[in-house]
Amino acid sequence: MADLKATDKDGVLSELTDAMMRTATSLNREEVLKVLQERERLGSTGIGDGVAIPHGKLKDLDKLLISFGRSRAGIDFDSMDGKPAQLFFLLVAPEESVGVHLKTLARISKLLKNPGVRRRLVEAASGEDLYRIIAEEEDQL
């Protein structure tokens, strides 16, 4: 998924869940959205600097799933710094996978701490470019 059509937090969660379900067809959409919305109620996953990492855990999931989306205009995600988010990584992990879940969150956070990486992702021309940038930068972590 590249450019999001969503204009609000719930729309982002729905759109990224739908993108994830294109490859993980056994997911229960309503269950995923419920878990994500419950997590957001605990505190926003908008970490600041234009980045949000909504995430949750599901029973009956056998592997970590990730989807990505971007909004060049930015979307209010109740981020810690009060600024709109432009880059969204959605993670859904198996309920019992604490280590993998936290390690992945940490790697994404580390990757996106770099202002140059964030700028390249916002400016990327296509979904393929987004994937290539993430893969290149991830290899350097």
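Conventions we followed
Residues numbered from 1 in each chain as written. Predicted model: local features only at pLDDT ≥ 70, side-chain atom pairs only at ≥ 80, totals over all residues. Heavy atoms only, no water. 1 Å grid on protein atoms, 1.4 Å probe; cavity = no way out; pocket = protein on both sides within 12 Å on 5 of 7 lines; lining within 4 Å. Points joined across faces, edges and corners; volume = space filled by probe spheres on them. Helix = DSSP H or I, 4+ residues; strand = E, 2+ residues; numbered from the N terminus. Nonpolar A, V, L, I, M, F, W, Y, C, P; charged D, E, K, R; others polar. Salt bridge = Lys/Arg side-chain N within 4 Å of Asp/Glu carboxyl O. Buried < 20%, exposed > 50% of the residue type's maximum accessible area, 1.4 Å probe, protein only. Pairing = 2+ DSSP bridges. Polar contact = N/O pair within 3.5 Å; in protein donor to acceptor, adjacent residues only side chain to side chain. Contact = heavy atoms within 4.5 Å. Patch = residues over 30% accessible without salt bridge, like charges linked within 9 Å, V, L, I, M, F, W, Y side chains within 5 Å. Areas by Shrake-Rupley, 256 points an atom, 1.4 Å probe, with all protein chains shown as cover. Lys, Arg positive; Asp, Glu negative; His and termini not counted. Charge placed at Lys NZ, Arg CZ, Asp CG, Glu CD. Expected span 1.5 Å × (residues − 1). Arc of directions from axis to C-beta.

Caption draft 1: Highlighting the layout of surface pockets. Its boundaries defined by the atoms lining it, the largest pocket holds a volume of some 610 Å³. Lining the largest pocket we find 23 residues, and of these Ile66, Ser67, Phe68, Phe89 and Tyr131 sit closest to its centre. Ranked by residues supplied to the lining of the largest pocket, first place goes to helix H5 (residues 127-139) with six residues. Split by residue class, the lining of the largest pocket holds 15 nonpolar, four polar and four charged. What the second largest pocket holds in volume is close to 200 Å³. Lining the second largest pocket are 13 residues, and of these Ser26, Leu27, Lys59, Asp60 and Leu61 lie nearest its centre. For the lining of the second largest pocket, the class distribution of residues is six nonpolar, two polar and five charged.

Caption draft 2: How the structure looks around the pattern of salt bridges. One pass over the full model with this rule turns up ten salt bridges. Between Arg29 and Glu30 there is a salt bridge; the shortest N-O distance is 3.5 Å. Under the relative-accessibility criterion, Glu30 is labelled exposed at 52%.

Caption draft 3: Just the pairing of strand E5 (residues 85-94), in detail. Within E5, nine of the ten residues are buried, which leaves the element mostly enclosed by the surrounding structure. Bridge analysis of strand E2 (residues 51-52) against E5 gives two bridges, and the strand direction is parallel. Following the sheet pairing, Val51 is matched in E5 by Leu87. Both strand E3 (residues 55-58) and E5 contribute to a ladder of four bridges, which runs parallel. Directly across from Gly56, in E5, lies its bridge partner Val92.

Caption draft 4: Layout of the side chain of Ser67. Here Ser67 shows up in strand E4 (residues 65-75). Reaching out from Ser67, the side chain makes a polar contact with the backbone oxygen of Leu16 at a distance of 2.9 Å. Apart from residues lying up to four places away in sequence, Ser67 is in contact with Leu16, Ala19, Met20, Phe88, Phe89 and Leu90.

Caption draft 5: Examining a negative patch on the surface more closely. A cluster of acidic side chains, namely Glu31, Asp60, Glu95 and Glu96, defines a negative patch on the protein surface. Among the structural elements, Asp60 can be located in the loop between E3 and E4.

Caption draft 6: Inspection of unusual backbone geometry at higher detail. Phi is positive for Asp49, which is not a glycine, with a value near 55°. Relative to the elements of secondary structure, Asp49 occurs in the loop between strand E1 (46-48) and E2. Even without glycine at this site, Asp60 takes up a positive phi of about 65°. Judged by relative accessible area, Asp60 falls into the exposed class, the value being 83%.

Caption draft 7: Spatial organisation of helix H2 (residues 29-42). For H2, built from 14 residues, the straight-helix expectation of 20 Å at 1.5 Å per residue is met to within 8% by its first-to-last C-alpha distance of 20 Å. Of the residues making up H2, those classed as buried are Val32, Leu33, Val35, Leu36 and Glu40. Buried residues of H2 fall within an arc of 160° about the axis and therefore sit on the same side. Away from its buried face by more than 90 degrees, H2 exposes Glu30, Lys34, Arg41 and Leu42. The inward-facing, buried residues of H2 contact helix H1 (9-21), E3 and E5. Taking the backbone nitrogen of Glu30 as reference, a side-chain oxygen 3.0 Å away marks Asn28 as the first, capping residue of H2. Taken from the residues just after H2, Gly43 is the one with a positive phi, measuring 160°.

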